[in-house]
Amino acid sequence: MNCGSKQVFSLGFVRAPMAATVAALMFAAMTLYAQQPAGAAASTAPAGNAEKGKIAFKDHGCFTCHGFSGDGGISPYPAQAGFRAPRPTVTGAHLAGMPLTFQAFLNYVRKPGGRMPAFGETNISTSDLADIYAFLKSQPPSPDPKTTPVLNGQ
Amino acid sequence: MAEPEIKTPKEKKSDFSRRNFLKTATAAVSGAAALVASGQTLVAQEGQLEARRSAAVDQGEMTPAASRPGSDHMVDVFKSLELEYIAWNAHSFSMPLHESVINYGRNAKPELLTCLHEEVAVAMSHGYFKIEGKPMGACMYSSVGLQHASMGVYSAWCDLAPVYVILGNETGNPSSRSAQDPALLVRDFTKWDEQPVTLQQFTPSALRAYSVMMTPPYGPVCLSIDGRLMSEMVDKGMNLRIPKLTPNIPPQAALAAVRDIAKMLVDAEFPVLVTERAARTSAGLDYMVQLAELLQCAVVDNIQRMNFPSNHPLNQDASALQNADVVLALEAPRFTRNTAKPGAKLISITEADLSGRSNYWNFGRYQEADMSIAADGEATLPSLIEEVKRLVTSDKKNAYQIRGAKLADAHQKNREANQTAAAYGWNSSPLSTARIAAEVWAQIKNRDWSLVSPSNSLNGWVQHYFDFKKYYHHIGQSGSVAVGYAAPAALGAALANRKYGRLSVNLQTDGDLMYIPQSLWTASHHKIPMLTVMFNNRGYIKEIMQLQSVASRRNRSISNCHIGTMIDNPAIDYAKVAQGMGWYAEGPITDPKELAPALKRALAVVDKGEPALIDAVTQTI
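Residues numbered from 1 in each chain as written. Chains lettered and ligands numbered in written order. Predicted model: local features only at pLDDT ≥ 70, side-chain atom pairs only at ≥ 80, totals over all residues.

**Some points on the overall build of chain A**
(1) Moving on: Looking only at helices and strands, one finds five helices and two strands in chain A.
(2) Moving on: If you list the helices and strands of chain A from N to C, you get α-α-α-β-β-α-α.
(3) Moving on: In chain A, which comprises 154 residues, the share counted as buried stands at 46%.
(4) Moving on: Summarising the internal contacts of chain A: among those between residues at least 6 apart in sequence, 70% fall at separations of at least 24. (Helix = DSSP H or I, 4+ residues; strand = E, 2+ residues; numbered from the N terminus. Buried ≥ 20, exposed ≤ 12 C-beta atoms within 10 Å, placed from the backbone. Contact = placed C-beta atoms within 7 Å.)

Now the structure itself:
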């Protein structure tokens, strides 16, 4: 199960080089897919509880692809990739910080693109998703690679 | 390391020990002068020897008549094959051979390595070969022992790794739980097996097994030895000469074909080299770099061997195949053209079709190639390089340089994208896999290191952080999908690294270790230094994802998908497990700030020649 295993980087010979980061590309993909279902009324985002959201994120199994804090599952060279996978390869999108609106997030969970399975109201309630949304929004930003020597491999 | 001497009731001290007897007997056979010098006649000396021999027989220290048992000769044969180690799980059928190894053979070349499971013995041999380039022996009970070991044999088969499997059997006793045809169990994934029926036949059987094993494509072999042969006394008239072992020269592609391939590569607009196991030895790594740099072409490496430096600017991901007009698959028999640009020419050089079986589907889809050469990739590379050199003109060199520069740019962009991704969850608890890879690299990068776990350890983050350049920098992967290969293979690789003073680093998954935790004991017992850092995500994570996918398709709840997939409640304390088997160990570590100091402490232990383990609790992937 992959949450969007699209090719996120391509060789500059055929396509224009992509300047966006992996995260930005994934968010773009999610936003593209996170359209409101035709005819559905816009729903108001319920207030969410980040603490409850942390528990719900784990209980509903979101952590398996997206990590415990929504940092995502990204691999420079995944197992069993064979000769198919571009690098890096995304198993679960980076969600921490969550720049999407709640509605876009809700729509994506209900009707995702890529290889993420769909989760209906019976799987994950809107209330739980509101808590999860609050949890993800509360996550701190990642450090700047340029200012972290070990991260830079130095 | 020599096993401690075990005293049995029969090994009581007397003024007549077997060693003294043998020394005296040898002198009697070969040194009549010594006997004469002692002032006694030969008859008198022989009389004394006979009296001593009878006394030894009476005391149960020696069987009557004959000079030595067949198993002593077997040890001589193994020594002639230069088997440095035999990984061993003690068992009744091979006791005579066991005794010959540790006494007659002085437990040296081969040295017996104590393993607590037959699968450890085989996988250890597999990992040892990946570093040393030479096989080890693995000895076990023919029926139940081989059953235990069979997955390890399968992995060696899939990974084209030689393992010299020795089976102790006992066909003379129907109630012995041996087997008429013990190697049948693994015949579908071994290259050769034989059960010699006489001591004279044993020698050529043993040599042939070795020869077949070490003819590319390499693979495991079985030599089943009946206990009767081990105990049979060598008659004076027996011809047990050990013939010379002559290694086979692997097949190369025909020169005409090599010239055609060279022309296609040189004339191509965007040639790509793809490989799984092109570098059968360290020479293959050098050849791959030479060829790629001559052509300034993309290399797509499936890292089943250390085929190409990870940070080389020509190292590309699979997206390069979308631009290829010519693809050379070097020992990549499972590469298929549907991953390349439509219309690309595919040339395949592989030894895969020279040796194979069909029952276990290790061979992948049929490879529809435009040109298919059944030859050893590494053996063919030198002539291919020479032919390419002959054809490359200065105009072409200029075009290649432009191509190479673009590839280097793409490689760098790939690295930058990875760098951004590595920052996600950098400070998270549990630890991110990128963080672990980076912290370990920071500690080892200035040392002579070797990654003895799979080449895509820590969700592939080692391929970003570790600078893989030398042949021993990684040992590829299991070859199969088997779990339980990595821990004992790391042990074997670390054993090989030991004599070179290299730092062996094992990034160990929790699921794999729990298949075969007793491998930790062998590391401790034989003082095999290695740094093990757990990738402890407390579950079979891919299986959870697959289960969630099924539940979702069926519109059912995913909240039960932890059942049968999580390794939690209780969480296994790997530090305690390792300490219980004699390791230095710390953990569990969940705070990333604690990792670097823990690594330093562990490395201090490893530098003293002992194994050390850090239990790092991680994100799921």
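That shown, we press on.
**Considering the overall build of chain B**
(1) Moving on: Looking only at helices and strands, one finds 21 helices and 17 strands in chain B.
(2) Moving on: Considering only residue pairs separated by 6 or more positions, chain B has 78% of its internal contacts joining residues 24 or more positions apart.

**Quick look at the environment of B:Ser150**
All names here are of chain B.
(1) Moving on: Among the secondary structure elements, Ser150 is positioned in helix α7 (residues 144–158).
(2) Moving on: Here the alpha-carbon distance between Ser150 and Val122, two residues 28 residues apart in the chain, equals 8.6 Å.
(3) Moving on: Setting aside residues no more than four positions away along its own chain, Ser150 makes contact with Leu185 and Val186.

**Comments concerning the sheet that holds strand β16 (residues 584–589) of chain B**
Sheet strands line up and pair through hydrogen bonds in the backbone, either parallel or antiparallel.
Residues and elements named next belong to chain B.
(1) Moving on: Spatial strand order, β13-β14-β15-β17-β16: five strands in an open sheet with parallel pairing. In this open sheet, the two edge strands, each paired with only one partner strand, are β13 (449–451) and β16. Pairwise comparison of adjacent strand axes, ignoring direction, gives a mean angle of 15 degrees for this sheet. (Pairing = 2+ DSSP bridges. Axes fitted to C-alpha atoms, helices over the stretch in contact; angles between N-to-C directions.)

**A look at the confidence of the model for chain A**
All names here are of chain A.
(1) Moving on: Scored by pLDDT, chain A comes out at a mean of 73, with 67% of its residues at no less than 70.
(2) Moving on: Per-element mean pLDDT across chain A ranges from 49 in helix α1 (residues 22–33) up to 95 in helix α5 (residues 126–137).
(3) Moving on: Across residues 1–25 the pLDDT falls below 50, and counting only partners more than four positions away or on other chains, this stretch makes 72 contacts in the model.
(4) Moving on: Counting interchain partners and residues more than four positions distant, the pLDDT-below-50 stretch residues 35–43 has seven contacts. (pLDDT = per-residue confidence, 0-100.)

**Observations concerning the domain arrangement of chain B**
Residues and elements named next belong to chain B.
(1) Moving on: You can read the domains of chain B as domain 1 (9–58), domain 2 (70–231), domain 3 (255–413) and domain 4 (424–536 + 572–616).
(2) Moving on: Across the contact, 22 residues belong to domain 2 and 27 residues belong to domain 4.
(3) Moving on: Elements supplying a minimum of two residues to the side of domain 2 that touches domain 4: β2 (111–114), α6 (118–132) and α7.
(4) Moving on: Residue contributions to the side of domain 2 that touches domain 4 peak at 11 residues, all from α6.
(5) Moving on: Among the residues forming the side of domain 2 that touches domain 4, the class breakdown is 12 nonpolar, six polar and four charged. (Domains from an automatic or database assignment. Nonpolar A, V, L, I, M, F, W, Y, C, P; charged D, E, K, R; others polar.)

**Re the nonpolar core**
Residue and element names in this part refer to chain B.
(1) Moving on: Core analysis: the largest hydrophobic core is formed by 199 residues, its most contacted members being Ile86, Ala138, Tyr164, Val272 and Val327.
(2) Moving on: Other than its neighbours up to four places away in sequence, Ala138 contacts Ile86, Ala87, Ala121, Val122, Ser125, Ala149, Val163, Tyr164, Val165 and Ile166.
(3) Moving on: By size, the runner-up hydrophobic cluster in this structure holds eight residues, among which are Met545, Leu547, Ile558 and Ile621. (Core = buried A, V, L, I, M, F, W, Y, C linked by C-beta atoms within 7 Å.)

**Brief notes about the pairing of strand β7 (residues 271–275) of chain B**
Residues and elements named next belong to chain B.
(1) Moving on: Counting buried positions over the five residues of β7 gives five, a clear majority of the element.
(2) Moving on: Because side chains alternate across β7, one face comprises the buried residues Pro271, Leu273 and Thr275, and the other comprises Val272 and Val274, equally buried.
(3) Moving on: Where β7 and strand β8 (residues 298–301) come together, four bridges link them in parallel fashion. When the sheet's bridge partners are listed, Leu273 is paired in β8 with Val299.
(4) Moving on: Remark: the β7/helix α11 (residues 282–295)/β8 crossover connection has right-handed handedness. (Right-handed = clockwise from strand over helix to strand, strands pointing away.)

**Focus on the sheet that holds strand β4 (residues 164–169) of chain B**
Residues and elements named next belong to chain B.
(1) Moving on: Taken in spatial order, the six strands line up as β2-β1-β3-β4-β6-β5 in an open sheet, and their pairing is parallel. Looking at the sheet topology across the chains shown, the edges are occupied by β2 and β5 (192–194). Looking at each pair of strands side by side, their axes are set apart by 20 degrees on average, direction ignored.
(2) Moving on: Note: strand β1 (residues 85–88) against strand β3 (residues 137–141), three bridges, orientation parallel. Bridged to Ala87 within β3 is Ala138.

**Some words on the pairing of β16(B)**
Looking down a regular strand, the side chains alternate between one sheet face and the other.
Residues and elements named next belong to chain B.
(1) Moving on: Across four bridges, the pairing between β16 and strand β17 (residues 612–616) is parallel. By the bridge assignment for β17, Ile589 is matched with Ala616.
(2) Moving on: Crossover handedness for the path β16 to helix α21 (residues 595–606) to β17: right-handed.

**A look at the interface of chain A and chain B**
(1) Moving on: Taken residue by residue, the interface counts 50 residues in chain A and 57 residues in chain B.
(2) Moving on: Secondary structure elements with two or more residues in the side of chain A that touches chain B: α3 (63–66) and β1 (73–75) of chain A.
(3) Moving on: When the residues that make up the side of chain A that touches chain B are grouped by side-chain class, the tally is 27 nonpolar, 19 polar and four charged.

**Observations regarding helix α5 (residues 95–104) of chain B**
Residues and elements named next belong to chain B.
(1) Moving on: When we look at burial in α5, the residues that qualify are Pro96, Leu97, His98, Ser100 and Val101.
(2) Moving on: Buried residues belonging to α5 abut α4 (70–80), β1, β2, β4, β6 (221–226) and α9 (227–231).
(3) Moving on: Once α5 ends, the next one or two residues include Arg106, with phi positive near 60 degrees.

**Brief notes about unusual backbone geometry**
Residues and elements named next belong to chain B.
(1) Moving on: Residues Lys109 and Pro110 are joined by a peptide bond in cis, for which omega reads 15 degrees.
(2) Moving on: Structurally, Pro110 is set in the loop between α5 and β2.
(3) Moving on: Looking along the chain, the bond that leaves Ser429 and enters Pro430 is cis, with omega of -5 degrees.
(4) Moving on: Looking at the element boundaries, Pro430 is found in the loop between α13 (394–423) and α14 (433–444).
(5) Moving on: The backbone phi angle of Glu82 is positive, close to 55 degrees, even though this residue is not glycine.
(6) Moving on: With respect to the helices and strands, the residue Glu82 is situated in the loop between α4 and β1.
(7) Moving on: With a phi close to 55 degrees, Leu458 is a non-glycine residue in the positive phi region.
(8) Moving on: With respect to the helices, strands and loops of the structure, Leu458 is situated in the loop between β13 and α15 (461–465).

**Considerations on the packing of α6(B) against α7(B)**
All names here are of chain B.
(1) Moving on: Across the interface, α6 lies against α7 with an axial gap of 7 Å and an inter-helix angle of 25 degrees. In terms of orientation, α6 and α7 fall into the roughly parallel class. In the crossing of α6 with α7, the sense of the turn from one axis to the other is right-handed. Facing α6, whose interface residues are Glu118, Glu119, Ala121, Val122, Ala123 and His126, α7 presents Gly145, His148, Ala149, Met151, Gly152, Val153, Ser155 and Ala156. (Parallel < 35°, antiparallel > 145°, perpendicular 65-115°, else oblique. Left-handed = near helix turned anticlockwise from the far one by under 90°.)

**Describing α5(A)**
Residue and element names in this part refer to chain A.
(1) Moving on: Its 12 residues place the ends of α5 16 Å apart at the C-alpha level, agreeing with the 16 Å of an ideal helix rising 1.5 Å per residue.
(2) Moving on: Among the 12 residues of α5, nine are classified as buried, and the element is accordingly described as predominantly covered.
(3) Moving on: Taken together, the buried positions of α5 are occupied by Asp128, Leu129, Ala130, Asp131, Ile132, Tyr133, Ala134, Phe135 and Leu136.
(4) Moving on: Those residues of α5 that are buried are in contact with α2 (50–59) and α4 (102–110). (Expected span 1.5 Å × (residues − 1).)

**Focus: the packing of α4(B) against α5(B)**
All names here are of chain B.
(1) Moving on: In the contact formed by α4 and α5, the axes pass within 8 Å of each other and the chain directions differ by 60 degrees. Between α4 and α5, the angle falls in the class oblique. When the axes of α4 and α5 are compared, the crossing they make is right-handed. Across the interface between the two elements, Ser71, Asp72, Met74 and Val75 from α4 touch Pro96, Leu97, Ser100, Val101 and Tyr104 from α5.
(2) Moving on: Of the residues that constitute the contact of α4 with α5, the class distribution is six nonpolar, two polar and one charged.

**Quick look at the confidence of the model for chain B**
All names here are of chain B.
(1) Moving on: In this model, chain B carries a mean pLDDT of 90, and residues with pLDDT of at least 70 account for 89%.
(2) Moving on: The model gives residues 1–43 a pLDDT under 50, and that stretch makes 30 contacts with residues more than four places away or in other chains.
(3) Moving on: Interface confidence for the predicted complex, expressed as ipTM, amounts to 0.77; the pTM equals 0.86.

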